[in-house]
Amino acid sequence: MRRSALLVLALLLPCLLRAQSVPAPQKAAPLPIIDVHVHAMKVTPGIPPLCPWFLRNMPGSDPGSPPPSFLGTGCAIPLQPAHSDKEMQDSIMATVKRLNMTMVVYGDAGIIRNWKKVAGDRIIPGIGVSSPSDMSVVAFTDSLSSGFYKVMGEVAPQYQGLSPSDMSLDAYFAAAEKHNIPVGIHMGTGGNGMANLTSPKFRASMGDPLLLEDLLARHPKLKVWVMHAGYPLVDNMIALMGANAYVYVDIAGLIWSYSQIEVNAYLKRLVQAGFGKRVMYGTDMLIWPKLVETSIALIENADYLSEEQKRDILFNNAVRFFRLDPAKFK
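Residues numbered from 1 in each chain as written. Predicted model: local features only at pLDDT ≥ 70, side-chain atom pairs only at ≥ 80, totals over all residues. Heavy atoms only, no water.

Caption draft 1: Structural context of unusual backbone geometry. In this structure, the amide linkage connecting Gly153 to the following residue, Glu154, adopts the cis form with an omega of -10 degrees. Considering the arrangement of structural elements, one finds Glu154 in strand β4 (residues 151-155). Of note, the bond from Tyr231 into Pro232 is cis; its omega dihedral lies within 30 degrees of zero at 5 degrees. With respect to the element layout, Pro232 can be found in the loop between β6 (224-227) and α8 (234-243). Residue Asn180 is not a glycine yet carries a positive backbone phi of 60 degrees. Relative to the assigned elements, Asn180 resides in the loop between α5 (170-178) and β5 (183-186). The phi torsion at Arg323 lies on the positive side, around 55 degrees, for a residue other than glycine. Relative to the helices and strands, Arg323 is located in the segment after α12 (307-321). Arg323 gets classed as partly exposed once you look at its relative accessible area, which sits at 44%. (Helix = DSSP H or I, 4+ residues; strand = E, 2+ residues; numbered from the N terminus. Buried < 20%, exposed > 50% of the residue type's maximum accessible area, 1.4 Å probe, protein only.)

What follows is the structure, encoded as structure tokens:
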């Protein structure tokens, strides 16, 4: 019996050794995702946790009462903020690698350069001007000429009470058009009570997508994407996109701040109107790193979108808009 067992072992041993030498199949990398709306900003200590979809309820307040606080209440597991610039960078870089992401980033120039040193081509730098006081036209043009910045954004004249077609900004858009630089412009809502609490010059009326018409007429080769998809003015957004073939939108910020029912209805309306090839994914990332997973989940769980439409929103549309080489993402 013992000799028989040894004989069987001798016969099986080469097979066992060959099996051990075969490498385990590698897990396929996740499909690439492009986030077109990421803020690189210095972390301010003391920022509270954030509840996703916190604007599903927007209670009124009173001028004599403390301003409403809503970021860290009303949910079981609020998203935690980063507590330092290093923690934020490490979290973002880990997310980029784990989820196979590329990010269009704007904000603090030093932080953008630090992120790009680590992530290389996965970081696409942007530079924004929201009013002439931000920087001179010459300085802005020189920045574009350096080749480092690939995007003009975020442009947010609405917070200054200005239309995007205001002539005080026209020379900046002319520079972007000349250098073939796409432009991201904040249009739509700014949250709950912006004009009362944080931005007294903010005007809801300056977020109407149709205010872009004069700008687009003056610069017919300018590629513009409307940040936040002009929420909540979906009809005007659709009208603008129908008249201007080079206008895209992102759904950043919108997808993790307002009610999921409202967000899905807005996105579904854009897709039903025929603009599924011009909607791009974005987070509007601030200092809560898990906003990425929260935002992606809304797209992936949208039962009214086909798999092709989801891939368009998460990747394909941004490749087309930013004139990227899809082969570099394989």
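Caption draft 2: Representation of the packing of helix α4 (residues 137-145) against α5 within the structure. Packing of α4 against α5 leaves a shortest axis separation of 10 Å and a crossing angle of 20 degrees. With respect to each other, α4 and α5 are oriented roughly parallel. Considering only the axes of α4 and α5, their crossing is right-handed. The residues of α5 that touch α4, namely those facing Val137, Phe140, Thr141 and Leu144, are Ala171, Tyr172, Ala175 and Ala176. Classifying every residue of the contact of α4 with α5 gives seven nonpolar, one polar and no charged. (Axes fitted to C-alpha atoms, helices over the stretch in contact; angles between N-to-C directions. Parallel < 35°, antiparallel > 145°, perpendicular 65-115°, else oblique. Left-handed = near helix turned anticlockwise from the far one by under 90°. Contact = heavy atoms within 4.5 Å. Nonpolar A, V, L, I, M, F, W, Y, C, P; charged D, E, K, R; others polar.)

Caption draft 3: Region of the structure containing the pattern of salt bridges. Enumeration over the complete set of coordinates arrives at eight salt bridges. In this structure, the salt-bridge partner of Glu293 is Arg98, at a minimum N-O distance of 2.3 Å. Within this pair, whereas Glu293 is found in helix α11 (residues 291-300), its partner Arg98 is found in helix α2 (residues 85-99), the two being separated by 195 residues in sequence. Accessibility expressed as a relative area gives 26% for Glu293, which makes it partly exposed. (Salt bridge = Lys/Arg side-chain N within 4 Å of Asp/Glu carboxyl O.)

Caption draft 4: Main features of helix α3 (residues 109-119). Among the residues of α3, those classed as buried are Ile111, Ile112, Trp115 and Ala119. The arc that holds the buried residues of α3, viewed along the axis, is 100 degrees, so those residues lie on one side. Where α3 begins, the side chain of Asp108 points an oxygen toward the backbone nitrogen of Gly110, at a separation of 3.0 Å. Just past α3, the residue Gly120 takes up positive phi, approximately 60 degrees. (Arc of directions from axis to C-beta. Polar contact = N/O pair within 3.5 Å; in protein donor to acceptor, adjacent residues only side chain to side chain.)

Caption draft 5: Structural view of the state of the cysteines. Throughout the structure, instances matching the rule amount to one disulfide. The disulfide partner of Cys51 is Cys75, and the gap between their sulfur atoms is 2.1 Å. The disulfide joining Cys51 to Cys75 has a torsion of about -85 degrees about its S-S bond and is therefore left-handed. Placement of Cys51 in the loop between β1 (33-40) and α2 and of Cys75 in the loop between β1 and α2 is noted, with a sequence separation of 24 residues between them. Residue classification places Cys51 among the buried residues on the basis of a relative accessible area of 0%. Relative accessible area serves as the criterion here: at 29%, Cys75 is assigned to the partly exposed category. (Disulfide = S-S within 2.5 Å.)

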